Amino acid sequence: MDIKTLVLALALGNLSLCAALFFFEYESKKSLSLSAWAVAKQAQAGAWFLLYFRGVLPDMLTGPLANLLLFTGMALDAGALWEAAGRSGWRKLLLPSLAAASFIYLACHVLDVHGGVRAAAGFLIVAGFFLAGVAALAQVWRHGSMLRRYLVVTMAALSLVVAGRGVLAAVLPEGWSWVSTAVLQGVGFGALYLMMLTNAFGYLLLSREKLQGELARLEVMDLLTDVPNRRGFYQALAPWMALARRPGQGTALILLSMDQFKRVNDSYGHATGDMVLKALADVCKKQLRDSDQMGRLGGAEFALLLPRTEQPGAVMVAERIRAAIEAMQLRADKAIINVTVSMGVTVIRADDSTVTLFKRADGALQTAMLAGSNRVAEAPDATFAEIDHGDVIISS
């Protein structure tokens, strides 16, 4: 494949990506990251088309303007990756970095006689912007997926090849030994072609990976309270159920139910009820450790998992949460809403299944509610089948 064919492939490749993105996002709101990436591909497509028509169009269009468009596209490529990484500071750096790159290139274009320095400046600027995108991808290297790590390594290697091509253009403008200028040109444009493919498919695959991760998260999260739903909580509980079979410090489970939640919904509406549930969850989170886990089982019922916590300690945590919720005051329709909760506390036993564990905790919860609500009830050290509600320890 000759250089001109490579340039045409680069132009058509970027143009086809622009068309695909247009129809993909036609009926939906674009993210800023995707918008920047789409504009980057448009700029790059324009630059490669101008370079393809070198000798047909005026030199000013196929030289300086084409390269400035290419720099803009590469800079926006990097910006899209920084935006996807949650770093919006790239917007402040975009214009200054583009202005500096353009000034350096135009100065080389005016002062360079044989063209080697100009070519070196162009390749080094492109490599620099591409490495800026690599730096954005490498931000989460430790926790990143294998796909992300592969892209970081591959894109960094291609950037170094392009940068090396730029250095050789300045140092050895006529080539070296059997390595002719045509070979160097082929290596440089081949690396640029691979850069385009890697960037394009990498960005799309990362976007798909992110979407899949978000969908997986939605399957186990309660969107209203931003805590795991029943499925997510059971997943978090499973390893602690297994650890309970080994000797060591226990793990406590607390079931929490808001008292008279139906009355709140009936009196103030479901929107207010949702606000109350969210506020209740926020209060609970503030009383828990980072290692603790909270989940919403449904309606106004929540579960709290306290690793490495014995029953007396769990009762103290439950009392602290109960008091904090009782002191909470919420405004709704010019009214002050006060809510209370009832809780049942138990500890995971070695012979427990999720059924026996939740049955025991629910028994303590029901006892607290029957005793007048706004209570913490503690399940005794016996199986649920061996006790009745009167034996459950209650505090208020």
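Residues numbered from 1 in each chain as written. Predicted model: local features only at pLDDT ≥ 70, side-chain atom pairs only at ≥ 80, totals over all residues. Heavy atoms only, no water.

### Looking at the UniProt feature "transmembrane region" (unreviewed entry) in the chain
For clarity, the cut-off: UniProt positions are given in the numbering used here, feature names are shortened, and annotations may be inferred rather than shown by experiment. Secondary structure elements follow DSSP: runs of H or I no shorter than four residues count as helices, runs of E no shorter than two count as strands, and numbering proceeds from the N terminus.
Under the feature "transmembrane region" (unreviewed entry), the UniProt entry names residues 6-24, 65-82, 94-113, 119-138, 150-171 and 183-206. The span residues 65-82 carries 100% helix and 0% strand; its end-to-end C-alpha distance comes to 26 Å. The span residues 119-138 shows a helical share of 95% and a strand share of 0%, and its end C-alpha atoms are spaced 28 Å apart.

### A word on helix H9 (residues 261-268)
The line we're drawing: Exposed residues in this analysis have more than 50% of their type's maximum accessible area, buried residues have under 20%, and partly exposed residues fall in between, with area computed by a 1.4 Å probe over protein chains only. Comment: arc refers to directions from the helix axis out to C-beta atoms. Pairs of residues are marked as contacts when any of their non-hydrogen atoms sit within 4.5 Å.
Residues of H9 that are buried include every one of Phe261, Val264 and Asn265, and no others. End-on, the buried residues of H9 take up no more than an arc of 95°, which puts them together on one face. Pointing more than 90 degrees away from the buried face of H9 are the exposed residues Lys262, Arg263, Asp266 and Ser267. In this fold, the buried residues of H9 make contact with strand E3 (252-258) and helix H10 (270-287).

### Comments concerning the nonpolar core
Definition in use: Buried Ala, Val, Leu, Ile, Met, Phe, Trp, Tyr and Cys residues form a nonpolar core when they are joined through side-chain atoms within 4.5 Å.
Trp48, Phe129 and Leu192 are the most contacted members of the largest nonpolar core, which has 52 residues in total. Residue assignment for this core shows that the elements contributing at least two residues are helix H1 (3-24), helix H2 (32-52), helix H3 (59-84), helix H4 (90-111), helix H5 (116-137), helix H6 (146-171) and helix H7 (181-220). Per-element accounting of this core gives the leading share, 10 residues, to H5. Other than its neighbours up to four places away in sequence, leucine 192 contacts Leu10, Trp48, Phe123, Val126 and Val162. Residues Val227, Ala281, Ala300 and Ile337 belong to the second largest nonpolar core, which totals 36 residues.

### Comments concerning the environment of alanine 170
Relative to the helices and strands, alanine 170 resides in helix H6. The exposure class assigned to alanine 170 is partly exposed, which follows from its relative accessible area of 36%. Taking C-alpha positions, alanine 170 is 8.6 Å from alanine 121, a pair spaced 49 residues apart along the chain. Residues contacting alanine 170, with those up to four places away along its chain left out, are Gly116 and Ala120.

### Section: the pairing of strand E6 (residues 329-332)
Operational definition: One bridge is not enough; two strands pair if DSSP finds at least two bridges between them.
Residue alternation in E6 divides its side chains into a buried set, Leu330 and Ala332, and an unburied set, Gln329 and Arg331. Strand direction decides the pairing type here: E6 and strand E7 (residues 335-338), joined by 4 bridges, are antiparallel. For leucine 330, the partnering residue across the bridge sits in E7 and is isoleucine 337. Here E6 folds back onto E7, and the loop between the two strands holds 2 residues, one of which, aspartate 333, carries a positive phi near 50°.

### Digging into the confidence of the model for the chain
Filter applied, for reference: Think of pLDDT as the predictor's per-residue confidence, scored from 0 to 100.
On average, residues of the chain carry a pLDDT of 84, and 89% of them reach 70 or more. Residue range residues 382-391 is modelled with pLDDT below 50. Its contacts to residues more than four positions away, or to other chains, number 15 contacts.

### Observations regarding the packing of H2 against H3
What counts here: Here, axes are lines fitted to C-alpha atoms. For helices the fit covers the stretch in contact, and angles between N-to-C directions go from 0 to 180 degrees. Oblique is the label for every angle not falling under 35 degrees (roughly parallel), over 145 degrees (roughly antiparallel), or within 65 to 115 degrees (roughly perpendicular). Should the near helix be turned anticlockwise from the far one by less than a right angle, the crossing is left-handed, and should it be turned clockwise, the crossing is right-handed. Residue polarity is assigned by list, with Asp, Glu, Lys and Arg as charged and Ala, Val, Leu, Ile, Met, Phe, Trp, Tyr, Cys and Pro as nonpolar; anything else, Gly included, falls into the polar class.
The contact between H2 and H3 brings their axes to 7 Å, and the two run at 160°. What the angle tells us is that H2 and H3 run roughly antiparallel. Handedness of the H2/H3 crossing: left-handed. Here the contact of H2 with H3 is composed, by residue class, of 19 nonpolar, 5 polar and 3 charged.

### Observations regarding H4
This is how it is decided: One fewer than the residue count of a helix, multiplied by 1.5 Å, yields its expected span.
Its 22 residues place the ends of H4 31 Å apart at the C-alpha level, agreeing with the 32 Å of an ideal helix rising 1.5 Å per residue. Listed in full, the buried residues belonging to H4 are Trp90, Leu94, Leu98, Ala101, Ser102, Tyr105 and Cys108. The secondary structure elements touched by the buried residues of H4 are H2, H3 and H5.

### Topic: the environment of methionine 343
With respect to the helices, strands and loops of the structure, methionine 343 is situated in strand E8 (residues 341-347). As a C-alpha pair, methionine 343 and leucine 256 span 87 residues in sequence and 4.5 Å in three-dimensional space. When residues no more than four places from it in sequence are discounted, the contact partners of methionine 343 are Ile254, Leu255, Leu256, Ala318, Ile321, Arg322, Ala364, Leu365, Ala368, Arg375, Val376 and Ala377.

### Re the pattern of salt bridges
Worth spelling out the cut-off: We count a salt bridge whenever a side-chain nitrogen from Lys or Arg sits within 4 Å of a carboxyl oxygen from Asp or Glu.
Applying the stated criterion across every chain yields a total of 13 salt bridges. Arginine 91 is the salt-bridge partner of glutamate 83, the closest N and O atoms lying 3.0 Å from each other. Relative accessible area serves as the criterion here: at 17%, glutamate 83 is assigned to the buried category. Judged by relative accessible area, arginine 91 falls into the partly exposed class, the value being 44%. Overlapping salt bridges, with partners in common, bring together Glu214, Arg217 and Asp226 in one network.

### So, the pairing of strand E5 (residues 301-306)
With 5 of its 6 residues buried, E5 lies for the most part within the structure. Bridging between E3 and E5 involves 6 bridges; their strand directions are antiparallel. For leucine 253, the partnering residue across the bridge sits in E5 and is leucine 305. Sheet topology note: the strand E4 (residues 293-298)/E5 ladder contains 5 bridges and is antiparallel. What sits directly across from glycine 298, in E5, is glutamate 301.

### Description of a nonpolar patch on the surface
Cut-off, in case you're wondering: Patch membership requires over 30% relative accessible area and the absence of a salt bridge. Like charges are linked within 9 Å, and nonpolar side chains (Val, Leu, Ile, Met, Phe, Trp, Tyr) within 5 Å. Residue-level accessible areas treat just the shown protein chains as cover; the underlying method is Shrake-Rupley with a 1.4 Å probe.
A contiguous nonpolar surface patch, about 400 Å² in accessible area, is contributed by Phe53, Val56, Leu57, Leu61 and Leu65. Note on leucine 61: relative accessible area 32%, which makes it partly exposed.

### Observations regarding the packing of H3 against H5
It is the contact of H3 with H5, at a shortest axis distance of 7 Å, that shows an interaxial angle of 10°. As far as their axial angle goes, H5 and H3 are roughly parallel. On H5, the residues touching Leu70, Phe71, Met74, Ala75, Ala78, Leu81 and Trp82 of H3 are Gly122, Ile125, Val126, Phe129, Phe130, Ala132, Gly133, Ala135, Ala136 and Leu137. Residue composition of the contact of H3 with H5, by class: 15 nonpolar, 2 polar and no charged.

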